[in-house]
Amino acid sequence: MSYHSLSLEEAIRYAANLPGIFPENADLQVREIGDGNLNLVFHIKDSRSGASVIMKQALPYAKVVGESWPLTLDRARIESEALQLQESLCPGLVPHVYAFDQELALTVMEDLSDHIIMRKGLIEGNRYPLFAEHVGKFMAHTLFYTSDLGMNQQAKKQQVKRFVNPELCKITEDLIFDDPYTDSSNNNYNPLIREEVEKLWRDEELHLEVALLRESFLTHAEALLHGDLHTGSIFITPESTKMIDPEFAYYGPMGFDIGAVVANLLLNYAGQEGWIKDAGQRSEFRQYLLDTVRDVWGHFSRNFVQLWERDNVDRMARTPGYRDLYMKKILRDTIGFAGCKMVRRIVGLAHVADIDTIADPQVRAHAETIALNIGKALIKLNRKAESIEEVIAIAEQYAK
Ligand SMILES: Nc1ncnc2c1ncn2[C@@H]1O[C@H](COP(=O)(O)OP(=O)(O)O)[C@@H](O)[C@H]1O
Ligand SMILES: CSC[C@H]1O[C@H](OP(=O)(O)O)[C@H](O)[C@@H]1O
């Protein structure tokens with residue numbers, strides 16, 4: 001079938017013909033449930049057996065903007081190949097891919113509707129005691145085993161080729177590392193924080209750090225990243241965590257993924273201004289979020305060091321002192337990228353519900369200012385950082 005976006009009826013017909021998923025007498029029901037910025041997502045369920053699948057189809061443009069923003073369909077291939085590779089490295093932490101149709105840019109995958117999108121869960125005030133362990137393991141395994149430390153270096157170069165993703169990287173380069181720092185027409189911010197935004201545009205010390213982080217994003221092919229690991233790309237329950245939506249996957253600096261997780265926990269932290277009215281309860285939930293930031297780094301770094309000791313393929317990487325310097329660099333990148341990812345969600349095109357759905361514009365402006373201040377401070381800290389505790393101290397300082 002040549003490419004066109006599927007209608008609901010076509011999605012049902014397509015699903016009915018998938019081998020080994022639905023019984024012959026299936027009574028298939030379909031809903032389009034895509035709430036992201038880019039793609040169609042069909043949920044298809046057999047009302048008789050209860051069996052279900054997700055079919056995700058890329059559109060040839062960015063859904064959030066419309067047909068005026070064309071976008072490659074190859075991102076669907078990248079997403080399905082990244083999911084399959086991640087599953088081989090981290091079974092149980094991503095949805096299983098049943099099939100991929102290159103012509104239709106369509107991935108058929110495991111239905112995770114018994115999970116909740118983590119961003120929604122955090123806004124509802126839920127806690128996820130296993131999250132840090134799961135995401136820390138996911139990042140350590142996917143980043144280590146796709147890097148020059150954990151795989152043959154010639155094979156890695158071939159893998160870099162498979163995951164060249166220029167159009168999606170360009171979105172990141174513009175929306176995260178450029179637009180927020182100038183008066184760009186792509187920007188989108190609450191008029192009540194205009195003064196803060198103008199300060200950001202004038203802050204040359206900050207711009208220098210962002211330029212260095214951008215350079216790292218552009219040039220450091222360290223490992224295969226998820227590329228957009230925010231809490232809207234994580235399905236969760238108290239027992240289970242699944243990373244979805246790696247269409248921004250490419251070879252880049254490891255700290256970009258870890259920074260995305262940290263940033264999105266801190267965006268929720270800032271957003272609590274609008275969610276929990278009782279000061280004591282708010283500070284308790286915020287403490288939980290900061291503990292989670294600490295634990296995410298802790299689980300990631302412990303897992304990564306363990307893999308380094310056990311499965312390193314590079315003789316030179318056993319040089320005394322090298323591992324500690326490498327870990328410090330990942331920490332510093334994590335902090336810098338976390339800052340950039342916070343700033344972009346306040347000033348740039350695409351925002352987050354943790355803050356945007358705060359109804360009162362004054363309270364929202366307060367939450368936005370907290371997020372912006374934390375983001376700026378993290379960017380300025382990045383190259384000097386020694387410990388994740390400095391991130392926690394900055395978050396506490398600006399939420400007072
Ligand atoms: N495997 C899945 N199981 C259940 N729901 C899913 C699954 N994948 C995506 N969804 C739903 O579709 C929404 C959009 O999916 P996502 O992959 O984030 O799309 P986009 O790339 O457009 O952001 C998710 O927020 C979730 O509600
Ligand atoms: C024009 S794309 C904006 C934004 O959307 C992506 O997120 P998602 O697909 O998860 O909704 C990504 O973060 C992009 O930067």
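Taking an unreviewed UniProt entry as the reference, the protein chain is identified by name as Methylthioribose kinase belonging to Paenibacillus residui. One UniProt comment on the protein chain, placed under Sequence similarities (unreviewed entry), says "Belongs to the methylthioribose kinase family." Of the protein chain, the UniProt comment under Pathway (unreviewed entry) reads exactly: "Amino-acid biosynthesis; L-methionine biosynthesis via salvage pathway; S-methyl-5-thio-alpha-D-ribose 1-phosphate from S-methyl-5'-thioadenosine (hydrolase route): step 2/2."

**A look at the UniProt feature "binding site: ATP" (unreviewed entry) in the protein chain**
Under the UniProt annotation, "binding site: ATP" (unreviewed entry) lies at Asn39, Lys56, Glu110, Asp111, Leu112, Asp245, Pro246 and Glu247. The subset of these annotated residues that lines the largest cavity comprises Asn39, Lys56 and Glu247. Here Lys56 is to be found in strand E3 (residues 52-58). Given the relative accessible area of 12%, Lys56 is considered buried. Discounting chain neighbours no more than four positions away, the residues touching Lys56 are Asn39, Leu40, Val41, Glu79, Ala105, Leu106, Thr107, Met109, Asp245 and Glu247.

**Some thoughts on the site of ligand 1**
Asp35, Asn39, Lys56, Leu112 and Glu247 are the nearest of the 19 residues found near ligand 1. Contact distances for ligand 1 include 2.7 Å between an oxygen atom and a side-chain N or O atom of Asn39. Residue Lys56 places a side-chain N or O atom 2.7 Å away from an oxygen atom belonging to ligand 1. For ligand 1, whose free accessible area comes to 550 Å², the fraction covered by protein is 93%.

**Structural notes on the domain arrangement of the protein chain**
Quoted interface sizes are often the accessible area lost when the parts come together. Segmenting the protein chain into domains produces domain 1 (8-110) and domain 2 (116-398). The gap between the C-alpha centroids of domain 1 and domain 2 is 27 Å. Across the contact, 26 residues belong to domain 1 and 30 residues belong to domain 2. When domain 1 packs against domain 2, the two sides together hide about 2,300 Å² of surface, and 66% of this comes from carbon and sulfur. Among the residues of domain 1 in contact with domain 2, Ile78, Leu89 and Leu93 are the three that bury the most area, contributing 25% of the side total. Here domain 1 is connected to domain 2 by 8 residue pairs in polar contact (both at pLDDT 80 or more). Contributing elements (two or more residues each) for the side of domain 1 that touches domain 2: strand E5 (66-70) and helix H2 (74-89). Looking at the side of domain 1 that touches domain 2, the element that brings in the most residues is H2, giving 10 residues. Its residues assigned to classes, the side of domain 1 that touches domain 2 comprises 14 nonpolar, 5 polar and 7 charged.

Scoring rules and cut-offs
- All residue numbers refer to positions counted from 1 along the written sequence of the respective chain.
- Written order decides the labels, with chains lettered from A and ligands numbered from 1.
- Totals for whole chains, interfaces and linings use all residues, but because this is a predicted model, local features are given only for residues with pLDDT of at least 70 and pairs of side-chain atoms are given and counted only at 80 or more.
- Calculation of side-chain values draws on the structure's entire complement of heavy atoms; hydrogens and water are dropped beforehand.
- UniProt positions are given in the numbering used here, feature names are shortened, and annotations may be inferred rather than shown by experiment.
- Residues are said to line a cavity or pocket when one of their atoms sits within 4 Å of a point; the points come from a 1 Å grid over protein atoms alone, cavities being sets where a 1.4 Å probe fits but cannot get out and pockets being open sets with protein on both sides within 12 Å along at least five of seven lines.
- In this text, helices come from DSSP runs of H or I with a minimum length of four residues, and strands from runs of E with a minimum of two, each type numbered from the N-terminal end.
- Between buried and exposed lies partly exposed: a residue is buried under 20% and exposed over 50% of the maximum accessible area for its type, with that area taken using a 1.4 Å probe on protein chains only.
- We call two residues contacting when some pair of their heavy atoms lies within 4.5 Å.
- We call a residue near a molecule or strand as soon as one heavy atom of that residue lies within 4 Å of the molecule or strand.
- For this analysis, a polar contact is any N or O atom pair within 3.5 Å, provided that within protein one partner can donate a hydrogen and the other can accept it, and provided that sequence-adjacent residues contribute only side-chain to side-chain pairs.
- Accessibility throughout is a Shrake-Rupley quantity obtained with a 1.4 Å probe, and a residue counts as covered only by protein chains that appear here.
- Annotation comment: domain bounds sourced from an automatic or database domain assignment.
- Buried area, as used here, totals the accessible surface that two parts lose on assembly, with accessibility defined by a 1.4 Å probe and the loss added over both.
- Here the nonpolar group is Ala, Val, Leu, Ile, Met, Phe, Trp, Tyr, Cys and Pro; Asp, Glu, Lys and Arg are the charged ones; every other residue, Gly included, is treated as polar.

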